[in-house]
Amino acid sequence: MNMALDTHIDASDDALLIAFGNGDRLAARTLTERLAPRVIGYAARLLKDRAEAEDVAQDAMMRLWKIAPDWRTGEAKVTTWLYRVVTNLCTDRLRKKRGTGLDEIAEPEDGKPSQEAVLMQKQRVDALNSALSTLPERQKQAVVLRHIEGLSNPEIAQILDIGVEAVESLTARGKRALAQALAAQREILGFEDDTA
């Protein structure tokens, strides 16, 4: 059993998905443990609601399992496909909620930093989430995928179904808008200008 687990841990996302499509349940578990935390984090940033993000991630993973038997290696990366599904599910949920305020969520605390550091980090996260919520939806999706999730522009282009140049434009405009929205809060958020 350990040898099978070791084999799965080293396997690519494609190989795990194909193995699940052929009936290997351990492959599904390994792939879920690998991908679910990432897509939950992405969805939580878009939706500002951890419980909804978990629902979206579960729905997206179920869709992934349904297409597993028909997965064709080389057409898209598993993560690209999954992020695209999550993006679409989040967009659908946000459209349904339009006109109602989204509740702010507290970010989970990691480790045991000082209370001042915890407060400062929470203020920074809140300020970023607030600034992100002012962006047009496509800009927000592109900025989060690029600068928070760390995906490449070509991957984002596939997820959002747009060209790479459009991704570059969205992220550049989004970053400028965020910088402008956060500029007045630099000192409050502990980002004093070192060149002063």
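A brief report on the enclosed structure follows. (Residues numbered from 1 in each chain as written. Predicted model: local features only at pLDDT ≥ 70, side-chain atom pairs only at ≥ 80, totals over all residues. Heavy atoms only, no water.)

## Overview of the overall build of the protein
- Across its full length, the protein holds nine helices and zero strands.
- Starting at the N terminus, the α and β elements of the protein follow one another as α-α-α-α-α-α-α-α-α.
- Across the 196 residues in the protein, those meeting the buried criterion constitute 38%.
- In the protein, once contacts between residues fewer than 6 apart in sequence are set aside, the share between residues at least 24 apart is 63%.
- Here the protein has roughly 11700 Å² of accessible surface; of this, 51% comes from carbon and sulfur atoms. (Helix = DSSP H or I, 4+ residues; strand = E, 2+ residues; numbered from the N terminus. Buried < 20%, exposed > 50% of the residue type's maximum accessible area, 1.4 Å probe, protein only. Contact = heavy atoms within 4.5 Å. Areas by Shrake-Rupley, 256 points an atom, 1.4 Å probe, with all protein chains shown as cover.)

## Topic: unusual backbone geometry
- Its identity as a non-glycine residue notwithstanding, Lys48 has a phi of 60°, on the positive side.
- Of the residues examined, Lys48 reaches a relative accessible area of 12% and is grouped as buried.
- In this structure, Asp161 takes a positive phi of about 60° despite not being glycine.
- The topology assignment puts Asp161 in the loop between α8 (153–160) and α9 (164–183).
- On the basis of relative accessible area, Asp161 is assigned to the exposed category, the value being 55%.

Function cannot be inferred from these measures alone, as they are strictly geometric.
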